[in-house]
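Given next are the chains, with one letter for each unit.
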There are 2 protein chains.
Amino acid sequence: MPAVVEHSVTTEVPGPMSKASAKKLDTFFDARAVYFVVDYDKSSGNYIVDVDGNKYLDVSLILPDSYSQIASIPVGYNNPALIEAAKSPEMISALVNRPAIGNFPSAFWHDLLQDGLMKAAPEGLNHIFTAQSGSEANELAYKAAFMLYRRRERGEAEWSNEEIQSCLHNTTPGSPELAILSFKNSFHGRGFGSLSTTRSKAVHKLDIPSFNWPQAPFPALKYPLEKHTAENDAEEKRCLEEVERLIKNWHCPVAAIIVEPIQSEGGDNHASPAFFQGLRDITKKHSVVMIVDEVQTGFGATGKFWGHAHWNLTSPPDIVTFSKKAQTAGYYFGDRMLVPDKAYRQFNTWMGDAARVIVCKAVIDEIRNKKLVEQTARVGDALYSEMEKLAQKYPDHVQNLRGKGQGTYIAFDTQSAAAVTSSMKRLGVNIGACGKETIRLRPMLIFEEAHIPILISAFEKTFSSL
Amino acid sequence: MPAVVEHSVTTEVPGPMSKASAKKLDTFFDARAVYFVVDYDKSSGNYIVDVDGNKYLDVSLILPDSYSQIASIPVGYNNPALIEAAKSPEMISALVNRPAIGNFPSAFWHDLLQDGLMKAAPEGLNHIFTAQSGSEANELAYKAAFMLYRRRERGEAEWSNEEIQSCLHNTTPGSPELAILSFKNSFHGRGFGSLSTTRSKAVHKLDIPSFNWPQAPFPALKYPLEKHTAENDAEEKRCLEEVERLIKNWHCPVAAIIVEPIQSEGGDNHASPAFFQGLRDITKKHSVVMIVDEVQTGFGATGKFWGHAHWNLTSPPDIVTFSKKAQTAGYYFGDRMLVPDKAYRQFNTWMGDAARVIVCKAVIDEIRNKKLVEQTARVGDALYSEMEKLAQKYPDHVQNLRGKGQGTYIAFDTQSAAAVTSSMKRLGVNIGACGKETIRLRPMLIFEEAHIPILISAFEKTFSSL
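Chain A carries the name 4-aminobutyrate aminotransferase in an unreviewed UniProt entry, which gives Colletotrichum liriopes as its organism. Entered under Catalytic activity (unreviewed entry) in the UniProt record, the comment concerning chain A runs "4-aminobutanoate + 2-oxoglutarate = succinate semialdehyde + L-glutamate". Per UniProt, chain A carries the Sequence similarities (unreviewed entry) text "Belongs to the class-III pyridoxal-phosphate-dependent aminotransferase family."

Written as structure tokens, this is what we have:
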């Protein structure tokens, strides 16, 4: 086991150098959300170092949701395997000869996908569409669902002239009224389509026109789960009934639903496997595409490679989207009918970025070679046990502890998230809050047993001083 | 002057190796739009080499719009200056420690922008927002315009509780009805917002729900321009009047208009500087944000760094978006009111990609060091003269020649674009068509006088054989 580097914070946070650097940046680039300015050369593994020389254990999130680069650093800063991939001839070529992959792929593109992203494909989903962000991946999934819906309606008929003409004017029938159903408190991105399904916070949505799409309630479970079985079952049943009611009664057809395995930005809200099986049953019954948004849960943090693998669904989701830890983005799917009837309907100039897909392959290799999913499951269980002890000792500060058996995807509510995060940062732990008063842990996949006491000790000091 | 490598095509196009390779890819990645499979290691400068060993002068476009990687390769395949940037320590770090730039920039990020993208900033626009695609850049510009519109309406008032609650339900007043005006035949991307402003072809838009936003006519000029002055002036006046009428009478407020300096995907449609000055006057008069989409025209191809620099506007556009040749994407703006009132409203996880911004800086340096904009203006003038001669000799095949004084951004209409492109490809010129029967030339910025005879000779052979 590698030695655990000690964290150390010697200035206020952010320090004077960070403040000065952010101020300079702000002259031409909005820097109001800058938490601190980073020295990436000195950052390593689980530790992030700022330009003031402060070193933090990077395990959680800054308001509103920035931890480990908003949960997007999978295998540690300056990971040697990633550095090797970054120096490879394939990377140089991908960087300087950026291909329009849809028209002019290299022969290497096939092998890269086959040996990388396809090795990580969720069970039953054997096609891929590459993209550049989680938001774009979700929108591409919506477009696939809309085209499938209309393809089924249209049958074998060719596009009508009326459809072709009307779509250029953004009117029906070419631009149909169709909807995507999402859940209260969900986060699915910030494009005009994805933002129409995001329901977490006004700061993302205010003043932006959106589609009139339905929002279903997401189960509000009570903790500890074992003490509220009947209530929680009833709550999930209520939510499922509302999903089905909305699908049946919405003013226009619902082509797809999108759901996160764990609502992350919305405050780490969980639901049971039975709830998700219920969603799968409803979507099958009504021929609605089921999209699972694994932008934050994918790539191992829940102790399985994909969060939805915890559900043991009777049939796989139709589409699974990914980004963040994957270092690139896109979606997996199984049904070839989700490939549109004609080329160029689901298309764009770059179709993702081969350079980022190369990094992604290195991440997948590293996860598999080092058995990091298994490690995350094991370390997560140990960490959860320690958090349970803290919850007993500081019941006012650790409420609704959740994420048992979900790797290191652990969260709790607290009285003042701001006070906790501020204290933790002074103690050298890069941590933050989400939802209203929620602390979410998001260590990288290389977080080890040895890091647990550091984290727990910082919590102890914080809670005893509040 | 470097030696001009001879092109050579020895198989049908695409060749057997390309076909086999694309077929293999298609098992898990939609490969129907693959034109040929490329050997990027063997491609160099203006020449692209496929896996069958065919070598093409890469100057134009494959249907529907793929040439030089859909106009996204600026300074040639395997450009040594870009290779150097790709091997730099800063690149390695950007690749392996992908920063969430909005929260945790490195100190290097400021310098990279200052010495790169900001050196290329259009006159009067001294702020930047980085993104990953032209489509995303345009959507971010729309969001900025919508937030500005509501900010002006709201004045100093705080967000109301009704606004905060209603936006989470996608209803007014929090999700207001506001519009972006775009032009007939325009192309602005494929996201749900950007696609609502795209008006070029049904293949992009059919079956996808869109916003009820207005479309104005774009001038349909007659060529040669000098013979149709009065008609063209009247046509531009008509279009400007329609823009103003739509802004005044649309069912909801128009927050911004978006326009391409040359409508590219729509068929290389030009308008005069007076037309664009007219747009600037109308947008100023009605406090509508003017967005210039330079995704395809930016970075030198028109013989100026920015296409809108040809207009000599009395005041700069409010927002200029870019992508493609920039190898990254984003938008420039001048008015600090376009920065939203609060942080995190215009935000996302990665906020672009520092790795691609490093490549972009190398592109800008190369353009400046080698005076490639000046070269493109000069070579474009010479190429246009040769094309004029062809137009006189083959009036049936070269109609409505356009792009005079616009660098190498030259296009013409023809009777059968498919026949021309097919013949040209056999003759070793990677060329294609757009619009209905339009051939667009899109050489890279490193296209030289020495390449002109090769291109003209292939056209000669093609036209004389049709």
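Trainee: Explanation requested: the overall build of chain A in the structure shown.
Mentor: Along the backbone of chain A there are 15 helices and 14 strands. For 466 residues, the compact-globule estimate of 2.2 N^0.38 gives 23 Å, and chain A sits close to it at 23 Å. Projecting the C-alpha coordinates of chain A onto the three principal axes gives extents of approximately 70 × 60 × 45 Å. A burial count over chain A gives 67% of its 466 residues as buried. The long-range share in chain A, meaning contacts at least 24 apart out of those at least 6 apart in sequence, stands at 72%. For chain A, the exposed area adds up to about 15700 Å²; of that, 52% sits on carbon and sulfur atoms.

Trainee: So what exactly am I meant to see when it comes to the sheet that holds strand β6 (residues 254-259) of chain A here?
Mentor: Adjacent strands of a sheet form backbone hydrogen bonds with each other and so pair up, either parallel or antiparallel. Residues and elements named next belong to chain A. Strand order in this open sheet of seven strands is β3-β9-β8-β7-β6-β4-β5, and the pairing throughout is mixed. A single partner strand is all that each edge strand has here, and the edge strands are β3 (127-131) and β5 (215-216). As defined by bridge partners, strand β8 (residues 319-322) adjoins strand β9 (residues 329-333) across four bridges and the pair is classed as antiparallel. When the bridges of β9 are listed, threonine 321 appears paired with tyrosine 331.

Trainee: When you look at the packing of aromatic side chains in this model, what are you seeing that I'm missing?
Mentor: On inspection of all chains with the given rule, the structure shows 65 aromatic pairs over all chains. When the ring of Phe192(A) is compared with that of Tyr142(B), the centres are 6.4 Å apart and the planes differ by 55°; the resulting orientation is tilted. Taken together, the positions of Phe192(A) in helix α8 (residues 192-197) and Tyr142(B) in helix α6 (residues 134-154) put the pair across two chains. On the basis of relative accessibility, which here comes to 0%, the residue Tyr142(B) falls in the buried class. Note on Trp306(B) and Tyr332(B): the rings are 5.6 Å apart at their centroids and 80° apart in plane angle, and the pair reads as edge-to-face. With Trp306(B) in the loop between β7 (289-293) and β8 (319-322) and Tyr332(B) in strand β9 (residues 329-333), this pair connects stretches of sequence that are 26 residues apart. The pair Trp306(B) / Tyr332(B) is uniform in exposure class, with both members buried. Positioned over the ring face of Tyr409(A) is Arg442(A), at 3.6 Å from the centre of the ring.

Trainee: In this structure, what is going on with the pairing of strand β14 (residues 438-441) of chain A? I would like to understand it.
Mentor: Two faces make up the sheet, and in a regular strand the side chains alternate between them. Residue and element names in this part refer to chain A. Here β14 shows a buried face lined by Thr438 and Arg440 and a second buried face lined by Ile439 and Leu441. Two elements, strand β11 (residues 410-413) and β14, share four bridges in a ladder whose sense is antiparallel. Looking across to β14, one finds that alanine 411 is bridged to arginine 440.

Trainee: What should I look at first to understand the pattern of salt bridges in this one?
Mentor: Two side chains with opposite charge may pair up if their charged atoms get near one another. If you walk through the whole model with that rule in mind, you get 58 salt bridges over all chains. Taking the shortest distance from any N to any O, the salt bridge between Arg150(B) and Asp207(A) comes out at 3.6 Å. Taken together, the positions of Arg150(B) in helix α6 and Asp207(A) in the loop between α9 (202-205) and β5 put the pair across two chains. Judged by its relative accessible area of 0%, Asp207(A) falls in the buried class.

Trainee: It is not clear to me how the packing of helix α10 (residues 229-249) of chain B against helix α11 (residues 273-285) of chain B should be interpreted in this structure. Could you clarify?
Mentor: A pair of packed helices can be characterised by two numbers: the angle between their axes and the separation between those axes. All names here are of chain B. Put simply, α10 and α11 touch, their axes get as near as 10 Å, and they point 20° apart. Accordingly, the angle class assigned to the pair α10 and α11 is roughly parallel. By crossing handedness, the relation of α10 to α11 is classed as right-handed. For the pair formed by α10 and α11, the contact residues are Glu236, Cys239, Leu240, Val243, Glu244 and Ile247 on the first element and Phe275, Gly278, Leu279, Ile282 and Lys285 on the second.

Trainee: Explain the interface of chain A and chain B here, please?
Mentor: Counting residues at the interface gives 123 residues for chain A and 123 residues for chain B. For the chain A and chain B pair, buried surface summed over both sides reaches about 11100 Å², with 60% attributable to carbon and sulfur atoms. At the surface where chain A touches chain B, the tally comes to 10 salt bridges. Taking the shortest distance from any N to any O, the salt bridge between Arg336(B) and Asp26(A) comes out at 2.9 Å. The tally of links between chain A and chain B comes to 57 residue pairs in polar contact (both at pLDDT 80 or more). In terms of residue count, the dominant contributor to the side of chain A that touches chain B is helix α6 (residues 134-154) of chain A (seven residues).

Trainee: In this structure, what is going on with the relation of the copies chain A and chain B? I would like to understand it.
Mentor: Relating the two copies of this chain is a rotation about some axis coupled with a shift parallel to it. When chain A is brought onto chain B, the operation consists of a screw motion whose angular component is 180° and whose axial shift is 0.0 Å, with 0.0 Å RMSD remaining. Here the symmetry operator amounts to a two-fold rotation axis. When C-alpha distances to the rotation axis are compared across chain A, the minimum falls at Phe192(A), with a value of 2.7 Å. Comparing interface residues between copies, 100% of those in chain A also lie at the interface in chain B; the contact surface is shared.

Trainee: What's the story with helix α15 (residues 452-465) of chain B in this structure? I'm lost.
Mentor: Spacing of three or four residues puts side chains on the same side of an α-helix, whose turn is 3.6 residues. Here α15(B) contains 14 residues, and its C-alpha end-to-end distance of 20 Å stays within 8% of the 20 Å for a straight helix at 1.5 Å per residue. Those residues of α15(B) that fall on the buried side of the exposure criterion are Ile452(B), Ile454(B), Leu455(B), Ile456(B), Ala458(B), Phe459(B), Thr462(B) and Phe463(B).

Rules used in this analysis
Numbering of residues starts from 1 in each chain and follows the order in which that chain's sequence is written. Key to labels: chains lettered from A, ligands numbered from 1, both in the order written. Under the rules for a predicted model, residues below a pLDDT of 70 receive no local features and side-chain atom pairs below 80 are neither given nor counted, while totals for whole chains, interfaces and linings still include all residues. The basis for the side-chain values is all heavy atoms of the structure; hydrogens and waters are excluded. UniProt positions are given in the numbering used here, feature names are shortened, and annotations may be inferred rather than shown by experiment. Strands here mean DSSP runs of E at least two residues long; helices mean DSSP runs of H or I at least four residues long; both are numbered from the N terminus. Our radius of gyration looks at C-alpha atoms and nothing else; its globule reference is 2.2 Å times the residue count to the power 0.38. When a residue's accessible area, from a 1.4 Å probe over protein chains only, is under 20% of the maximum for its type it is buried; when over 50% it is exposed; and in between it is partly exposed. Contacts are assigned to residue pairs with any non-hydrogen atoms lying within 4.5 Å of each other. The protein chains shown are the only cover counted for residues, whose accessible areas, like all others here, come from Shrake-Rupley with a 1.4 Å probe. One requirement defines pairing of two strands: DSSP has to find at least two bridges between them. Pairing of aromatic rings covers Phe, Tyr and Trp, the last through its six-membered ring, and needs centres within 6.5 Å; plane angles under 30 degrees mean stacked, over 60 mean edge-to-face, and all others mean tilted. Two conditions define a charge sitting above a ring: the NZ of Lys or the CZ of Arg must be within 6 Å of the ring centre, and it must be within 35 degrees of the ring normal. Salt bridge, as used here: a side-chain nitrogen of Lys or Arg that lies within 4 Å of a carboxyl oxygen of Asp or Glu. The convention used is that axes are lines fitted to C-alpha atoms, helices contributing only their stretch in contact, and that angles between N-to-C directions extend from 0 to 180 degrees. Angle categories: roughly parallel below 35 degrees, roughly antiparallel above 145, roughly perpendicular from 65 to 115, and oblique for all the rest. Crossings are classed by handedness, with left-handed meaning an anticlockwise turn of the near helix from the far one by less than a right angle and right-handed meaning a clockwise turn. Here the buried area means the combined drop in accessible surface, using a 1.4 Å probe, for two parts upon being joined, counting both sides. Within 3.5 Å is the distance limit for a polar contact, defined as a pair of N or O atoms, with the added protein rule that one can donate a hydrogen and the other accept it, and that residues adjacent in sequence qualify only through two side-chain atoms. For the least-squares superposition of copies, only C-alpha atoms count, and only for residues with pLDDT at least 70 in both. Here, expected helix span is obtained from the residue count minus one, scaled by 1.5 Å.

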